[in-house]
Amino acid sequence: MAEYQGILICGEVVDGRITTITKELMTTGRRLSDDLNQPLSVLLIGRDIDEAAKEAVFLGADKVYTADGTPFAESHPEHYTAMIVDVGKRIAPSIILLGQTDMGRDIAPRVAAKLGTTVCMDCVEVAIDQETRLLVQTKPVYGGNAMAVWVSEDYQPQVVTLRPRVGEPAEPDTSRKGEIVPVSTGVDDSMIKGKLVETVKEEIKGIRLEEAKVIVTGGGGIGGSEGFQLLQELAQVLGGTVGVSRVPCDEGWMPISLEIGQTGHMVSPDLYIAVGISGALQHLAGCSGSKCIVAINKDPEAHIFKEADFGVVGDYRKALPPLIEKCRALLAI
Ligand SMILES: Cc1cc2nc3c(=O)[nH]c(=O)nc-3n(C[C@H](O)[C@H](O)[C@H](O)COP(=O)(O)OP(=O)(O)OC[C@H]3O[C@@H](n4cnc5c(N)ncnc54)[C@H](O)[C@@H]3O)c2cc1C
């Protein structure tokens, strides 16, 4: 497998800027490149990405491939897959890294299938084994109750998605030099089976869930949309944001865009406060990577307490107001 060389990051660009998860991938990618002594490449797809390409060099890329323009203006999964596969075949990297984002989740398995290789999704750690020089991929399984370590000897390239916030974003070094290589798309609309009918942009108020350091999440125990005001207040005091479990979405109390879990967002904040949440495996799948979990639940037998670092047994309506006041006082807000 010696013909496979280097790391390829599939970066994400929003409004001409490299996203935070891409900066985190740069940190990981640079470390893997240095350990393997192989080059780090980044593929950026989109429109008006010249500045983003320069930024990628400053963040650690040796080479940046840019696919600029239509049809890549919209993040259509088939366009993106085709482009990544095209560049992947040209440069034959040993590792292809994507973020475990909406885009990464959609595209990584397609890329792996088209390249005839395997994919390891939602990794929280990746490292090079010093002896074998193989990629060691660690990911939570069984809703975060166990960690699986996966090493593949038989398939190249290794396609991996990395969960947001498991590493620090790379810091720019403006003295770094790298090569920027525009790549022709080689893809036109006639090759694409799916049609993008409409893009609906939802306005995100405050911090994105994947980037939040503090998340206050409410579940079925909140009992209605009005209860979320208390959670908003706590999140605001702590400089965080609010998430939800499946039940408030199903009940129509909160938008589905805030759902955390297996079918929602994968988050890994420093502090995750789970309020009125039972701790179902499908929910834990999205938050078990949090550094510290605090649970507030009136049922002492609730499963969430098995996962929590700290717990409060009680009604959230009684527990939250004094907690908010205490946090306000401690943070002098
Ligand atoms: C294929 C599949 C995918 C799924 N994906 C997801 C997903 O991505 N995310 C997700 O969240 N779920 C998901 N689910 C649903 C999941 O299985 C659970 O049903 C859901 O997570 C339960 O949400 P909950 O714990 O908030 O609500 P409930 O199960 O209703 O639990 C409410 C909790 O609140 C406590 N409580 C009640 N009143 C109060 C009070 N006043 N104060 C304090 N505590 C109180 C109760 O003791 C209870 O523990 C999925 C299910 C399936 C089958």
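Residues numbered from 1 in each chain as written. Predicted model: local features only at pLDDT ≥ 70, side-chain atom pairs only at ≥ 80, totals over all residues. Heavy atoms only, no water.

Asks: What am I meant to see in the sheet that holds strand β8 (residues 125-128) here?
Replies: What links the strands of a sheet is backbone hydrogen bonding, and the strands pair in either a parallel or an antiparallel sense. Strand order in the open sheet formed by three strands is β8-β9-β10, and the pairing between neighbours is antiparallel. Every other strand in the sheet has two partners, leaving β8 and β10 (146-150) as the edge strands with one partner each. Averaged over all pairs of adjacent strands, the angle between strand axes in this sheet comes to 20°, irrespective of strand direction. Along the sheet face, helix α1 (residues 20-36) touches β8 and β9 (135-141) and points at about 15° away from the line of β8. (Pairing = 2+ DSSP bridges. Helix = DSSP H or I, 4+ residues; strand = E, 2+ residues; numbered from the N terminus. Axes fitted to C-alpha atoms, helices over the stretch in contact; angles between N-to-C directions. Contact = heavy atoms within 4.5 Å.)

Asks: What's the story with empty space enclosed by the protein in this structure? I'm lost.
Replies: In this structure the tally under the stated criterion is one cavity of 30 Å³ or more. Taken as a whole, the largest cavity spans an internal volume of roughly 30 Å³. When grouped by side-chain class, the residues that make up the lining of the largest cavity number two nonpolar, two polar and four charged. (1 Å grid on protein atoms, 1.4 Å probe; cavity = no way out; pocket = protein on both sides within 12 Å on 5 of 7 lines; lining within 4 Å. Points joined across faces, edges and corners; volume = space filled by probe spheres on them. Nonpolar A, V, L, I, M, F, W, Y, C, P; charged D, E, K, R; others polar.)

Asks: In this structure, what is going on with the sheet that holds strand β13 (residues 214-218)? I would like to understand it.
Replies: The five strands are arranged β14-β13-β15-β16-β17 in an open sheet whose pairing can be described as parallel. The sheet is open, and its two borders are formed by β14 (241-244) and β17 (310-313), each paired with just one other strand. Looking at each pair of strands side by side, their axes are set apart by 20° on average, direction ignored. Bridging between strand β16 (residues 292-297) and β17 involves four bridges; their strand directions are parallel. The residue of β17 that forms the bridge with Ala295 is Gly311. In the packing of helix α5 (residues 228-237) onto the sheet, contacts are made with β13, β14 and β15 (271-275), and the angle to β14 comes to roughly 140°. Running over the sheet, helix α9 (residues 316-331) touches β15, β16 and β17 and is turned about 130° from β16.

Asks: Would you take a moment to explain the nonpolar core for this structure?
Replies: Side chains of nonpolar character tend, in soluble globular proteins, to be buried together. Counting 30 residues, the largest nonpolar core has Met26, Leu32, Leu44 and Ile95 as its most contacted members. Breaking this core down by element, the ones donating at least two residues are β1 (7-10), α1, β4 (40-46), α2 (50-58), β6 (95-99), β7 (119-123), β8 and β11 (158-162). The greatest single-element share of this core, amounting to five residues, is contributed by α1. Not counting the four nearest positions on each side in its chain, Ile95 is found in contact with Gly6, Ile7, Leu8, Leu32, Leu36, Ile128, Leu135, Pro157 and Gln158. (Core = buried A, V, L, I, M, F, W, Y, C linked by side-chain atoms within 4.5 Å. Buried < 20%, exposed > 50% of the residue type's maximum accessible area, 1.4 Å probe, protein only.)

Asks: How should α2 be read in this particular structure?
Replies: Every α-helix carries 3.6 residues per turn, so stepping three or four residues along brings you back to the same face. Those residues of α2 that sit buried are Ala52, Ala53, Glu55, Ala56 and Val57. Next to the buried residues of α2 lie β2 (13-14), β3 (17-18), α1, β4, β5 (63-68) and β12 (179-182). Looking one or two places after α2, you find Gly60, whose phi comes out positive at around 130°.

Asks: Would you mind going over unusual backbone geometry with me for this structure?
Replies: It is generally the case that most residues other than glycine have a negative phi and that most peptide bonds are trans. With an omega of -10°, the peptide bond running from Gln156 to Pro157 counts as cis. Note on placement: Pro157 falls in the loop between β10 and β11. Backbone geometry at Asp15 places phi at a positive 50°, although glycine is not the residue there. Tracing the chain through its elements places Asp15 in the loop between β2 and β3. A positive phi angle, near 55°, is found at Asn37, a position not held by glycine. Relative to the elements of secondary structure, Asn37 occurs in the loop between α1 and β4.

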